[in-house]
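Single-letter residue listing:
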Amino acid sequence: MDVYSKSTGIDAGEALSRYAPEVSEVLYRMIFSSTGVLDAQVRSTCAEALSLPALPLPPTTGSARESVAHDFAEQFSIDVSNVDSSLRGALLNELGSQAKEFVFAVYVADWFPRLLHALDLLFRPSTMQWPTPQDWSETELSVDSAEFSRSVARLRVLDPVTTELVRLRQARQHNCRLCKSLRMSSALEAGADEALFDEVDNYQDSGLSDRHKAALALADAMVWQPGYIPAHVISEVHEHFSPAEAVELVLDMTRNASSKVAVAFGSDAPHVDEGVEIYEVDEDGQVTFGLGFRA
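The model shown is predicted, which means the values in this text are computed figures rather than measured ones.

**Focus: the pairing of strand 5 (residues 287-294)**
Across a regular strand the side chains alternate sides, sitting on one face of the sheet and then on the other. Bridge analysis of strand 4 (residues 276-281) against strand 5 gives five bridges, and the strand direction is antiparallel. Looking at the pairing, glutamate 280 lines up with threonine 288 of strand 5.

**Points about the packing of helix 4 (residues 39-50) against helix 7 (residues 99-122)**
Where helix 4 meets helix 7, the axes come as close as 9 Å, and the angle between the chain directions of the two elements is 40°. Taken together, the axes of helix 4 and helix 7 lie oblique to each other. Once helix 4 is placed against helix 7, the crossing between them reads as right-handed. Here Asp39, Val42, Arg43, Cys46 and Leu50 of helix 4 lie close against helix 7, whose contacting residues are Phe102, Ala105, Val106, Val108, Ala109, Asp110, Pro113 and Arg114.

**Side note on helix 14 (residues 231-240)**
Here helix 14 has its buried residues at Val233, Ile234, Val237 and His238. Buried residues of helix 14 fall within an arc of 140° about the axis and therefore sit on the same side. The outward face of helix 14, more than 90 degrees from its buried face, is lined by the exposed residues Ala231, His232 and Glu239.

**Brief notes about the side chain of glutamate 101**
When you line up the elements, glutamate 101 lands in helix 7. No salt bridge is formed by the buried glutamate 101; the nearest opposite charge belongs to lysine 100, separated by 5.0 Å. Within the structure, glutamate 101 has its side chain in polar contact with the backbone nitrogen of leucine 141 (distance 2.7 Å). Those residues within four positions of glutamate 101 in sequence are excluded, and the remaining contacts are Thr35, Thr139, Glu140, Leu141 and Ser142.

**Considerations on the nonpolar core**
With 94 residues, the main nonpolar core has Phe102, Phe148, Leu218 and Leu251 as its most contacted residues. For leucine 218, the contacting residues outside a window of four places in its chain are Ile229, Val233, Ile234, Val237, Leu249, Val250 and Met253.

**Focus on the pattern of salt bridges**
Across all of its chains, the model carries 12 salt bridges by this definition. Between arginine 29 and aspartate 144 there is a salt bridge, with the nearest N and O atoms lying 3.5 Å from each other. Of this pair, arginine 29 sits in helix 3 (residues 21-31) while aspartate 144 sits in helix 8 (residues 141-153), and the two are 115 residues apart along the sequence. Across the salt bridge formed by aspartate 110 and lysine 260, the nearest N and O atoms sit 2.7 Å from each other. Here the residue aspartate 110 occupies a position in helix 7, and lysine 260 occupies one in helix 16 (residues 259-265), the gap between them amounting to 150 residues. The buried category is assigned to aspartate 110, whose relative accessible area is 0%. Each of Arg29, Asp144 and Glu147 takes part in a single network of salt bridges with overlapping partners.

**Structural notes on the packing of helix 13 (residues 210-224) against helix 14**
Packing of helix 13 against helix 14 brings their axes to within 9 Å, and their N-to-C directions diverge by 140°. In terms of axis orientation, helix 13 runs oblique to helix 14. As helix 13 packs across helix 14, the resulting crossing turns out to be left-handed. Note on element contacts: helix 14 touches helix 13 through Val233, Ile234, Glu236, Val237 and His240, opposite Asp210, Arg211, Ala214, Ala217 and Leu218. Split into classes, the residues belonging to the contact of helix 13 with helix 14 amount to six nonpolar, one polar and three charged.

**So, the state of the cysteines**
Counted by the stated rule, this structure contains one disulfide. Between the sulfur atoms of cysteine 176 and its disulfide partner cysteine 179 the distance amounts to 2.3 Å. In this structure the cystine formed by cysteine 176 and cysteine 179 twists about its S-S bond by roughly 60°; its chirality is therefore right-handed. Assigned by exposure class, cysteine 176 and cysteine 179 land together as buried.

The rules behind each value
- Residue positions are given per chain, counting from 1 as you read along its sequence in written order.
- At least 70 in pLDDT is required for a residue's local features to be given in this predicted model, at least 80 for side-chain atom pairs to be given and counted, and no such filter applies to totals for whole chains, interfaces and linings, which use all residues.
- To obtain the side-chain values, all non-hydrogen atoms of the structure were included, while hydrogens and water were left out.
- Whether two strands pair depends on DSSP finding at least two bridges between them.
- The way it works is that DSSP assigns letters per residue, a run of H or I at least four long becomes a helix, a run of E at least two long becomes a strand, and they are numbered from the N terminus.
- Inter-axis angles, ranging from 0 to 180 degrees, are taken between N-to-C directions of lines fitted to C-alpha atoms, where helices are fitted over the stretch in contact.
- Just so you know how the angles are binned, under 35 degrees is roughly parallel, over 145 roughly antiparallel, 65 to 115 roughly perpendicular, and the rest oblique.
- The handedness criterion is simple: a crossing whose near helix is rotated anticlockwise from the far helix by less than a right angle is left-handed, and one whose near helix is rotated clockwise is right-handed.
- In what follows, residue pairs with any heavy atoms lying within 4.5 Å of each other are defined as contacts.
- Only protein chains enter the accessibility calculation, which uses a 1.4 Å probe; a residue is then buried when its area is under 20% of its type maximum, exposed when over 50%, and partly exposed in between.
- Note: the arc covers the axis-to-C-beta directions of the helix.
- His is not counted, nor are the chain ends, whereas Lys and Arg count as positive and Asp and Glu as negative.
- Put simply, a salt bridge is a Lys or Arg side-chain nitrogen that is within 4 Å of an Asp or Glu carboxyl oxygen.
- Here a polar contact means two N or O atoms within 3.5 Å. Within protein one must be a hydrogen donor candidate and the other an acceptor candidate, and residues neighboring in sequence count only if both atoms are side-chain atoms.
- Throughout this description, the term nonpolar core refers to a set of buried Ala, Val, Leu, Ile, Met, Phe, Trp, Tyr and Cys residues connected via side-chain atoms within 4.5 Å.
- Ten residue types, Ala, Val, Leu, Ile, Met, Phe, Trp, Tyr, Cys and Pro, are classed as nonpolar, four, Asp, Glu, Lys and Arg, as charged, and the remainder, Gly among them, as polar.
- Cysteine sulfur pairs qualify as disulfides if the two atoms are within 2.5 Å.

Rendered as structure tokens:
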């Protein structure tokens, strides 16, 4: 039993419900929703790429194994920055107006298993049994994903500097051009500056605090080896973060990863040609851009 389980007596599912109840509700609704666009095949494809168990599978609605949809989902999971115009164009040609919801379904299939696995390691495996709904509700996952992101952004246990360092690390790993150009106002007000942000690229050998290094190591593991997160990475998070902070940390990483959708579509252009743009997230989880610009 890990340190969080000893101190709280709860498992991963209970931790999510206790420390992020609103997020938990949206999360489980999305897990048991279907876009009707190759959902089962996408979930299986992403799970195989991640070396993690797949999310519950809705009824099969077609075959993606040999299609461009399978190739797209696989590349999205492995390294979205390598989704090129050829693969993107082939997907749009195959799915047409359904492509948008398909890609959001890929995001859910790609990152929700990472989130659930990380929580299992940080606490102890959830004892919750996945129910099998008789009727899978069809939904617009693009809308639900926006609600998920807002609900995560409303969590405020984690300090803004850690939140922003993790966001920037993921932005650079996913090569999201817009994300890399942004700086959060509250993190700047808390003392962060470009010198600190520059430490993100080589954080292991940087002057960042052990707390920040622990958060960034977990981010790297969740991005690149989600099925094989080293025990020492989990131990460092246990040492430097409270249970509530740890839950928010992995939820932040999942929210940050929604930028993969924009990267996959090639719609991640920054708002500035040079320098950085200041943004902020308000108490309702809404993002305001254009609060200032810095060279």
